[in-house]
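Secondary and tertiary structure notes
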Amino acid sequence: MNEALKPDDVTQRSTPAPIEPAPVETRPPRRRRLFVWIAVVAALAAAGAFAWRKFEPIAPTTNREESSGRPAQPPQTVRVAPVVLGDMPLTIDALGTVTPFETVTIRTQIAGTLQNVGFTEGQTVKAGDFLAQIDPRPYEAALAQAKGQLAKDQALLGQAQSDLARYEQLNKQDSISKQQVDDQQALVAQDKAAIVTDQAQVKTAELNVAYTHIVSPVTGRVGLRLVDPGNYLQPSDATGIVVITQIDPISVVFTTPEDNLPRISARLNSGAKLKVTVLDRDNVNALATGVLTTFDSQIDVTTGTIKMRATFDNPNGVLFPQQFVNVRLLVDTMTGATLAPNAAIQLGASGNFVYLLNEDSTVSKRDVTTGPTDGKRTVTASGLKAGDKVVIDGVDRLRDGAKVTVVDNPPTPEAEAAAGQGQQPGLGGQAADPPASARRHRDQPGSQASGAADVCAAGLSAEAKAIYDAAAPEFAASADPRALVKAKVVDLVKAGAVQRDSARSSAMAAGGCLEQLSSAGGAPAQGTPQPPPAGASKQAAPQ
């Protein structure tokens, strides 16, 4: 039944089918992977370049300009002032209150009806001047009664003394008893005591009558009348009739920290008269000049201050009681001091420094040690000498060794306002030419770069976009782009459009887009003519 197998069949059945090998990657997938890595590296490089442009300072440095082929920034325009020798007053500023030496509330010392007043509100009265009259009739009647009682007792005393003389004569003749004489002597003593009492009552009545006529106890200014004639007054009344305040002389009481007490006390103990100047609330106008009189006997532990009193002549009433004033106490004067303008003193990481003008129109950074100041000048203990010239305006953008252009006249408000629009102070208000790099970029077509700047600005935050929009019209033509952006940021912070805490980061973000706009020549402000490019003819129309 079974057929014999052929040799070929046996071979075919015994040999297993060959297994196909897995497909091996070819070269095209490897190339795609390489292309992916190249794309990733290129994207990272582009992101790094964008981040570098975004976070680097807005104002290009000298090295950047040199490496990019752009010319360096023009010399910074500055103003300078000389360092001089002079006297520096060592003063202490404090807050004080005008305090009169005497303030008297006129009150009645007896009860009665106010008949009339003898003053006008606001007038100046002298000690002893008539002020008010209380009805004196009840007290005049009491005075008459006291005088009558005194006369009666004086008559009884005379009678008792006559009887005593007769009794003593009879006693010598042994006609009356000794006891009767002693009784008469006691009666005479009683009458004498009654007379003393009567005399006291007469004086009391006279004093009450005097109290009905009220006079001023001090010299001073009369205030507003507190009661009208016809009212019944009593000594217990709290309001009184009127208040009189001494005006001339007058004092000012002020407080100063306890640390100043040793110097002040030493000067007073040496016999020096310390000058005190009183200024108005704005601390501008001097009202009066006086001398320091004394200070309190103890320090206030709650505030660490001590009260001091200065006395002033006040004939014209310039100082008024309870008036708030600023006090300037001259403790001593430093003579022959080296004085520098306050505007020249800058604070850095290593301390105070100034920019010193050199003969080659460059500036050098000079560390200084400062001393007392009077608001305009500062004593420099070291680092400067008389005759040195220091920069007082345009310090913010200077560096050690920088070239400067010195202008003599101070900037006017108009020039300061125009400085943010490409004008330089002291040049008659003419627009300053932008840097050559800005002119070169402006002359070249830059629609592509301008579009890139707009795309960049579209991705900014709201604050950074506000800074970009404010600075963009003037950025490319500005002589100092960094100062322009700073001015715009200050304005936006004042307007509330940019928060102070995030202003710096927003300005740096906007700066990256503004740099791209600068490459395109910028978008000049409407109505602002731009200077012609370098090499253009005078007849060429401004761009």
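Preceding this section is the structure that the text describes.
Summarised in this report is the structure supplied together with it. Computed from a prediction, not measured in an experiment: that's the story for all the values here.

Moving on: the overall build of the protein. Helix and strand content of the protein: 12 helices and 22 strands. Per-residue burial over the protein gives 33% buried out of 543 residues. Residue pairs in contact within the protein that sit at least 24 positions apart in sequence constitute 74% of those at least 6 positions apart. With the model as given, the accessible surface of the protein reaches about 32800 Å², and the carbon-plus-sulfur share is 53%.

As summarised here, the arrangement of the four strands in space is S3-S10-S8-S5, forming an open sheet in which the pairing is antiparallel. Where the open sheet ends on each side, the last strands, each with one partner, are strand S3 (103–106) and strand S5 (124–125). As judged from the two bridges shared by strand S8 (residues 220–222) and strand S10 (residues 242–245), these two strands associate in the antiparallel manner. Pairing of Arg-221 across the sheet is with Thr-245, part of S10.

Taken as a whole, this structure holds 10 salt bridges when the rule is applied. Residue Arg-328 is joined to Asp-93 by a salt bridge in which the shortest nitrogen-to-oxygen separation is 3.2 Å. With a gap of 235 residues between them, Arg-328 in strand S15 (residues 324–341) and Asp-93 in strand S2 (residues 84–99) connect regions that are remote in the sequence. Taking relative accessible area as the criterion, Arg-328 reaches 31% and is therefore assigned partly exposed. Judged by its relative accessible area of 52%, Asp-93 is exposed. A salt bridge links Arg-137 to Asp-135; the shortest N-O distance between them is 3.0 Å. Here Arg-137 falls in the exposed class, since its relative accessible area comes to 57%.

With that out of the way, let us pick up helix H5 (residues 178–211). Over its 34 residues, H5 runs 50 Å from end to end, which matches the ideal 50 Å to within 8%, given 1.5 Å per residue. Here H5 has its buried residues at Val-181, Gln-184, Val-188, Asp-191, Ile-195, Asp-198, Val-202 and Ala-205.

With that settled, the discussion passes to the pairing of strand S4 (residues 112–117). Sheet topology note: the S4/strand S9 (residues 232–233) ladder contains two bridges and is antiparallel. Across the sheet, the residue bridging to Gly-112 is Leu-233, located in S9. Of the strand pairs in this sheet, S4 and strand S6 (residues 130–134) are connected by three bridges, and their pairing is antiparallel. Across the sheet, the residue bridging to Leu-114 is Ile-134, located in S6.

What the four strands build is an open sheet, ordered S7-S6-S4-S9; its pairing is antiparallel. Because the sheet does not close on itself, it has two edges, and the strands there are strand S7 (213–215) and S9.

One can describe the packing of helix H4 (residues 137–172) onto H5 by two numbers: an axis separation of 8 Å at closest approach and a directional angle of 165 degrees. Classified by the angle between their axes, H4 and H5 sit roughly antiparallel to one another. Where H4 crosses over H5, the two elements pack in a sense that is left-handed. Taken together, the residues of the contact of H4 with H5 break down into 18 nonpolar, 10 polar and 10 charged.

What follows covers the packing of aromatic side chains. In the structure shown here, the tally under the stated rule is one aromatic pair. When the ring of Phe-353 is compared with that of Tyr-355, the centres are 5.6 Å apart and the planes differ by 90 degrees; the resulting orientation is edge-to-face. Over the aromatic face of Phe-353 sits the side chain of Lys-365, whose NZ or CZ is 4.5 Å from the ring centroid.

Okay, the environment of Val-379 next. Summarising the element assignment, Val-379 is placed in strand S20 (residues 377–382). Judged by its relative accessible area of 6%, Val-379 falls in the buried class.

On to H4. Its 36 residues place the ends of H4 53 Å apart at the C-alpha level, agreeing with the 52 Å of an ideal helix rising 1.5 Å per residue. Here H4 has its buried residues at Tyr-139, Leu-143, Ala-146, Leu-150, Asp-153, Leu-157, Ala-160, Asp-163 and Leu-164. Along its buried surface, H4 packs onto H5. Backbone geometry just after H4 places Asp-174 at a positive phi near 60 degrees.

Each neighbour pair has its own omega, and for Asp-248 with Pro-249 the value is -5 degrees, a cis peptide bond. Looking at where Pro-249 falls in the secondary structure, it is placed in the loop between S10 and strand S11 (250–257). Phi is positive for Asn-283, which is not a glycine, with a value near 60 degrees. For Asn-283, the position within the fold is in the loop between strand S12 (275–279) and strand S13 (286–295).

A separate point is the pairing of strand S19 (residues 369–373). In this sheet, S20 lies alongside S19 in antiparallel orientation, the contact comprising three bridges. Within the sheet, the bridge partner assigned to Thr-370 lies in S20 and is Thr-380. Counting the residues in the hairpin turn of S19 and S20 gives three residues, including Gly-375, whose phi is positive at 100 degrees.

Basis of the calculations
- Residues numbered from 1 in each chain as written.
- Predicted model: local features only at pLDDT ≥ 70, side-chain atom pairs only at ≥ 80, totals over all residues.
- Heavy atoms only, no water.
- Helix = DSSP H or I, 4+ residues; strand = E, 2+ residues; numbered from the N terminus.
- Buried < 20%, exposed > 50% of the residue type's maximum accessible area, 1.4 Å probe, protein only.
- Contact = heavy atoms within 4.5 Å.
- Areas by Shrake-Rupley, 256 points an atom, 1.4 Å probe, with all protein chains shown as cover.
- Pairing = 2+ DSSP bridges.
- Salt bridge = Lys/Arg side-chain N within 4 Å of Asp/Glu carboxyl O.
- Expected span 1.5 Å × (residues − 1).
- Axes fitted to C-alpha atoms, helices over the stretch in contact; angles between N-to-C directions.
- Parallel < 35°, antiparallel > 145°, perpendicular 65-115°, else oblique.
- Left-handed = near helix turned anticlockwise from the far one by under 90°.
- Nonpolar A, V, L, I, M, F, W, Y, C, P; charged D, E, K, R; others polar.
- Phe/Tyr/Trp six-rings, centres within 6.5 Å; stacked < 30°, edge-to-face > 60°.
- Lys NZ or Arg CZ within 6 Å of the ring centre and 35° of its normal.

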